[in-house]
Amino acid sequence: MSLDIAANKPHEALAALLRDEMTAVNALIQERMESRHAPRIPEVTAHLVGAGGKRLRPMLTLAAARLCGYDGPYHVHLAATVEFIHTATLLHDDVVDESAQRRGRPTANLLWDNKSSVLVGDYLFSRSFQLMTETGSLDVLRILSNASATIAEGEVLQLSAASDLRTDEDVYLQVVRGKTAALFSAATEVGGVIADADPTHVQALFEYGDALGIAFQIADDLLDYQGDAKSTGKNVGDDFRERKLTLPVIKAVAQATEEERAFWVRTIEKGRQEDGDLEHALALMNTYGTLEATRQDALVWANKAKAAIATLPEHDIRGLLSDIADYVVARLN
């Protein structure tokens, strides 16, 4: 990995390369989030869409399509679809998690209410399906509708697994594949499909998105314990306070003594947290090296993402996609 990747931010270079297409995507998002009859819909949507964010998922769709030589109009529809699905899941997630902050701003459910967030999320899901059908591709509809179902399934699985100390790394990976990686892999796969790319290239794009999404989520979970609140928009230890069993804790629980397991039962399963518990949790993770082990897992998945696209045609975009996989984990150094 180039030493300047973290400084140069390859997603920004990709955004510059795809500037015209992203402008079209943003215009389509703006057009389709409007509602003649319910002005709260664009209000809530604009709050979240306008909060910034890298727009990484729709950019991946545009990048995959261009990498495969597509020159039609429908990659813009698909990129907007992906962003609508992502935004809808964020609205629903904030209600489920009872979150008060996202990207450093108050969440929609805090500014309006839970009912508005859920219903606007439903509206955006519906809009996403309208956009999918406009491409006229049954394969696209199959991929993105399957991804939507997988995302919902992953979120429901997380509800039961999040505070259950029996949750192991296999279940964690299943949750991550559902709630995060499914949309990454669908975003890249449909870019290849709409370009009518060779099936082996479409599969490579799917595998890239899957591995990138997993690396992305593992990195996010690690940053919850090691990150800077200003850059992540979250307070250190939010996952611990919300009793979420993420990979660093799962690894610590797997090695815990009887006394240590009792600590995890009290703080995670039963939610009886006291002053100093976060510090003790971090000390246990450091004792067993689970933060570093989690970082290594993220690196493994980032390398899998890079390997997946190594056989695709030489292209500036292929290089940037590889750099993005590095950048996802460069944040952990």
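These lines cover the structure that appears in this document, whether it is placed above or below. (Residues numbered from 1 in each chain as written. Predicted model: local features only at pLDDT ≥ 70, side-chain atom pairs only at ≥ 80, totals over all residues. Heavy atoms only, no water.)

**Considering the overall build of the protein chain**
Along its length, the protein chain carries 18 helices and two strands. By the burial criterion, 53% of the 333 residues in the protein chain qualify as buried. When the accessible surface of the protein chain is split by element, carbon and sulfur atoms take 50% of a total near 15,000 Å². (Helix = DSSP H or I, 4+ residues; strand = E, 2+ residues; numbered from the N terminus. Buried < 20%, exposed > 50% of the residue type's maximum accessible area, 1.4 Å probe, protein only. Areas by Shrake-Rupley, 256 points an atom, 1.4 Å probe, with all protein chains shown as cover.)

**Things to note about the nonpolar core**
Ranked by size, the top nonpolar core spans 96 residues in total, and within it Leu-14, Leu-144, Tyr-208, Leu-212, Trp-264 and Leu-321 carry the most contacts. No other element matches the 14 residues that helix α11 (residues 199–226) contributes to this core. Leaving out residues up to four positions away in the same chain, Tyr-208 has contacts with Leu-60, Thr-188, Ala-305, Ala-308, Ile-309, Leu-321, Ile-324 and Ala-325. (Core = buried A, V, L, I, M, F, W, Y, C linked by side-chain atoms within 4.5 Å. Contact = heavy atoms within 4.5 Å.)

**Quick notes on empty space enclosed by the protein**
The tally for this structure, following the rule as stated, stands at two cavities of 30 Å³ or more. In terms of lining residues, the largest cavity is bounded by His-11, Lys-54, Leu-56, Phe-216, Ile-324, Tyr-327, Val-328 and Arg-331. It is helix α18 (residues 316–330) that provides the largest number of residues to the lining of the largest cavity, a total of three residues. (1 Å grid on protein atoms, 1.4 Å probe; cavity = no way out; pocket = protein on both sides within 12 Å on 5 of 7 lines; lining within 4 Å. Points joined across faces, edges and corners; volume = space filled by probe spheres on them.)

**Here we look at the environment of Phe-240**
Positionally, Phe-240 belongs in helix α13 (residues 238–241). Judged by its relative accessible area of 1%, Phe-240 falls in the buried class. Taking the C-alpha atoms as reference, Phe-240 lies 8.4 Å from Ala-281; in sequence the two are 41 residues apart. Discounting chain neighbours no more than four positions away, the residues touching Phe-240 are Asp-224, Tyr-225, Phe-263, Trp-264, Thr-267, Ile-268, Gln-273, Asp-277, Leu-278 and Ala-281.

**Some words on helix α5 (residues 56–67)**
Residues spaced three or four apart along an α-helix face the same direction, because each turn holds 3.6 residues. Helix length check: α5, at twelve residues, gives a terminal C-alpha distance of 16 Å against a target of 16 Å (1.5 Å per residue), a fit within 8%. Counting buried residues in α5 gives eleven out of twelve residues, a clear majority hidden from the surface. Of the residues one or two after α5, Gly-69 is the one with positive phi, at around 85°. (Expected span 1.5 Å × (residues − 1).)

**Side note on unusual backbone geometry**
The backbone of Asp-196 shows a phi angle near 55°, a positive value even though the residue is not glycine. Mapped onto the fold, Asp-196 is located in the loop between α10 (169–194) and α11. The phi dihedral of Arg-243 is positive, around 65°, even though this residue is not glycine. Tracing the backbone shows Arg-243 in the loop between α13 and α14 (247–254). With a relative accessible area of 27%, Arg-243 lands in the partly exposed category.

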